Amino acid sequence: MKRIFKLLTSRLFIIGVMILLQIAWIVLFLADFSVRYNFVSAILNIIAILLAFFVITRWSNPSFKLSWVFFIMMVPIVGVPVYLIFGRPGLTRGTRRRMDSINAKKEPYLTENTLITENLREEQPQAAMQSDYIWHAAHAPLCDHTSSCYYKCGEELFAAMLTDIRSAEKYIFLEYFILDTGEMYDTLVEELAKKVSEGVDVRLIYDDVGCVNKMPPHFYRKLQEKGIKCAAFNPARPVLAIIMNHRDHRKIMVVDGKISYTGGVNIADEYINKIDRFGYWKDTGIRLEGAASRSFIVMFLEMWDYIVGSESDCEAYLPDDSFMEQIPTQGYVQPYDDTPLDNENVGENVYLNMINRATRYVYIFTPYLILDQEMTVALCNAAKSGVDVRIVTPGIPDKKMVFMLTRSHYARLLENGVRIYEYTPGFLHAKCFVCDDQYATVGSINLDYRSLYLHFECGVFLYRAPAVAQVYTDMVETFAVSREVMIEDCRRKHPFGMRMLHAFLRLIAPLL
């Protein structure tokens, strides 16, 4: 009863109900006019056709377009207003211009070192091609003089984060999709407050929708009272004019510009297994020290200036070059971000490039396996070409409908030679690729439509860095405690209704 009351009085529930009521009012208004005046229904159908044509001609994923066109044409009276509210592929033109202006001012701080690029090109042309793509598509430079350490669980990652927080001297930047009350949050806030008292500049960006059902109203005020500066990305409001599709799904921490973290871990107790939600919660992350942290400084300050309306001087937050030179070169590291504001799906293309260039194996961790045609074909073609393709998904799901959608993709992949494992101990939230003992990516990017097309995301591409072998070892150890899914599991007779549900879920997957 307590949980039901909490849900009914939560900010997320109230906002959701108010938005649904507004949508219902619009739909009923249009329905009433259509009944009273025949020409209104005709106009609405014409608008639906024009809107469908507009959607088809946009530069976006074909599956995404197909879902919206189906919805618009099948139920124009609902599909047209819902698309205009939730289907817009970008922020408003003014907002986009402001963000582009901020990014343009920060780009000079991310410069390409052609010597590093040439060294990689001589060493491994295939790796250089991936690096060149990331540089040109995301304006993210390749770095040496960077150490990397991969963490195979949230507990280990958080312990390392606390150690680095305690050593901070100038500033700590944090950017997370989810904050939730509990031991992890309380410990983090306590340590951050101590650093503020020592004169350290502490800033926190959080996604408002990601936190709306987790944190009490106005929680940020308590943080501000402790001296922690806060900024909420795209605040959730019960107004239809607001574009809610785009979220800040990145996970970033930067300490003094020297050390940075990213991965799948948010600030909530399940990520460090202080509470049991879906069995053992497996997540991963990576710590970088050295030149590559520069990219995360710029990423954070771009988002901070966009939200707050400030103009940060990046130069003031960059460490001395002498510090960078002290870090020995251990392979190549290239942090990158992905934005929904352009027509470049950097996160997906980095994954596709790894799959298409693999010669021996490609191993994947993903909590959600919601694939478009391009990704499905790439995985199947790699497997049919003799590449050992393995994917690990959760054994215990966090969202049952999404898990059902994930499993609906199994049969086609298995029939083409892809091997799939379900993580038996619990829920797997990691987002990692490793390929041919040489390449790896670790970051916040899921294999689903929201991560690949709608969210702000980030990741790290690694070539022959120590973390590559660490990711590989974790993958192999995870296979050993996971259940391999066999084709016979998918060929068992399912009721007709279930098969239709799977088909329908795949059709509307981009809208979920």
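The structure we're discussing is the one just above.
A. Seen up close, the pattern of salt bridges. Applying the stated criterion to the full structure yields 28 salt bridges. Residue Glu183 pairs with Lys274 through a salt bridge whose shortest N-O separation is 3.6 Å. Here Glu183, found in helix H10 (residues 183-197), pairs with Lys274, found in the loop between strand S6 (259-263) and strand S7 (280-282); they are 91 residues apart in sequence, far enough to count as distant. The exposure class of Lys274 is partly exposed, given its relative accessible area of 48%.

B. Layout of the sheet that holds strand S10 (residues 361-365). In space, the 8 strands of this open sheet follow the order S9-S16-S15-S14-S10-S11-S12-S17, with mixed pairing throughout. Lying at the two open borders of the sheet, with one neighbouring strand each, are strand S9 (332-338) and strand S17 (482-485). Across this sheet, the average inter-strand angle for adjacent strands is 20 degrees, counted without regard to direction. Packing of helix H13 (residues 293-308) onto the sheet brings it into contact with S9 and strand S16 (457-463), and relative to S9 it is tilted by some 15 degrees.

C. Seen up close, the packing of aromatic side chains. As enumerated under the stated definition, the model contains 26 aromatic pairs in all. Between the aromatic rings of Trp68 and Phe71, the centroid separation amounts to 6.0 Å while the plane-to-plane angle is 45 degrees, which identifies the pairing as tilted. Of this pair, Trp68 and Phe71 both sit in helix H4 (residues 62-74), 3 residues apart, which is roughly one turn of that helix. What makes Trp68 buried here is its relative accessible area of 6%. The partly exposed category is assigned to Phe71, whose relative accessible area is 25%. Between the aromatic rings of Phe219 and Tyr220, the centroid separation amounts to 6.4 Å while the plane-to-plane angle is 80 degrees, which identifies the pairing as edge-to-face.

D. A look at H10. The terminal C-alpha atoms of H10 lie 21 Å apart, and with 15 residues this matches the ideal 21 Å at 1.5 Å per residue to within 8%. Among all positions in H10, only Met184, Tyr185, Leu188, Val189, Glu191, Leu192, Lys195 and Val196 are buried. Along H10, the residues classed as buried sweep out an arc of 170 degrees about the axis, all on the same side. Looking at the residues trailing H10, positive phi occurs at Gly199, about 95 degrees.

E. Quick peek at empty space enclosed by the protein. All chains considered together, the criterion is met by 6 cavities of 30 Å³ or more. In this structure, the largest cavity occupies an estimated 60 Å³ of space. Around the largest cavity, the lining residues are Gln126, Ala127, Gln130, Asn353, Met354, Arg357, Ala358, Cys435, Tyr439 and Phe461. Put simply, the parts of the chain that give the lining of the largest cavity at least two residues each are helix H8 (125-138) and helix H15 (346-357). The class makeup of the residues in the lining of the largest cavity is 6 nonpolar, 3 polar and 1 charged.

F. Fine view of a nonpolar patch on the surface. A contiguous nonpolar surface patch, about 430 Å² in accessible area, is contributed by Phe70, Met74, Val75, Leu501 and Phe504. Put simply, the parts of the chain that give the nonpolar patch at least two residues each are H4 and helix H22 (496-508). With respect to the helices and strands, the residue Leu501 is situated in helix H22.

G. Main features of H15. The end-to-end C-alpha separation of H15 is 16 Å, in line with the 16 Å expected for 12 residues at 1.5 Å each. Within H15, 9 of the 12 residues are buried, which leaves it mostly tucked inside the rest of the structure. Against the buried residues of H15 lie H8, S9, helix H16 (373-384), strand S14 (432-435), strand S15 (439-443) and helix H19 (449-454).

What counts, and at which threshold
- Counting starts from 1 at the beginning of each chain's written sequence and moves along it residue by residue.
- Note on the predicted model: pLDDT of at least 70 is required for a residue's local features to be given, and 80 or more for side-chain atom pairs to be given and counted; whole-chain, interface and lining totals, by contrast, use all residues.
- For side-chain calculations, the full set of non-hydrogen atoms in the structure is used, while hydrogens and water are omitted.
- Salt bridge, as used here, is a side-chain nitrogen of Lys or Arg placed within 4 Å of a carboxyl oxygen of Asp or Glu.
- Secondary structure elements are taken from DSSP: a helix is a run of H or I of four residues or more, a strand is a run of E of two residues or more, and numbering for both begins at the N terminus.
- Three labels apply to residues, based on accessible area from a 1.4 Å probe with only protein chains included: buried if under 20% of the type maximum, exposed if over 50%, partly exposed otherwise in between.
- At least two bridges found by DSSP between two strands are what make those strands a pair.
- Every axis in this analysis is a line fitted to C-alpha atoms, fitted for helices over the stretch in contact. Angles between the N-to-C directions lie between 0 and 180 degrees.
- Only heavy atoms enter the contact rule, under which two residues are in contact if any of them lie within 4.5 Å.
- Stacked, edge-to-face and tilted are the three classes for Phe, Tyr and Trp ring pairs, Trp counted by its six-membered ring, which pair at centre distances within 6.5 Å; planes under 30 degrees apart are stacked, over 60 edge-to-face, the rest tilted.
- Expected helix span is computed as 1.5 Å times (number of residues minus one).
- Regarding the arc, it is the one traced by the directions from the helix axis to the C-beta atoms.
- A cavity, in this analysis, means grid points on a 1 Å lattice covering only the protein atoms where a 1.4 Å probe fits yet has no way out; a pocket is instead an open set bounded by protein on both sides within 12 Å along at least five of seven lines, and a residue lines either one if it has an atom within 4 Å of a point.
- Grid points are joined across faces, edges and corners, and a volume is the space filled by probe spheres set on the points.
- As a working rule, the residues Ala, Val, Leu, Ile, Met, Phe, Trp, Tyr, Cys and Pro are called nonpolar, Asp, Glu, Lys and Arg charged, and the rest polar, with Gly in that last group.
- Residues enter patches when they are more than 30% accessible in relative terms and free of salt bridges; like-charged ones are connected within 9 Å and nonpolar ones (Val, Leu, Ile, Met, Phe, Trp, Tyr) within 5 Å.
- Areas reported as accessible are Shrake-Rupley estimates using a 1.4 Å probe. Residue values count occlusion only from the protein chains shown.

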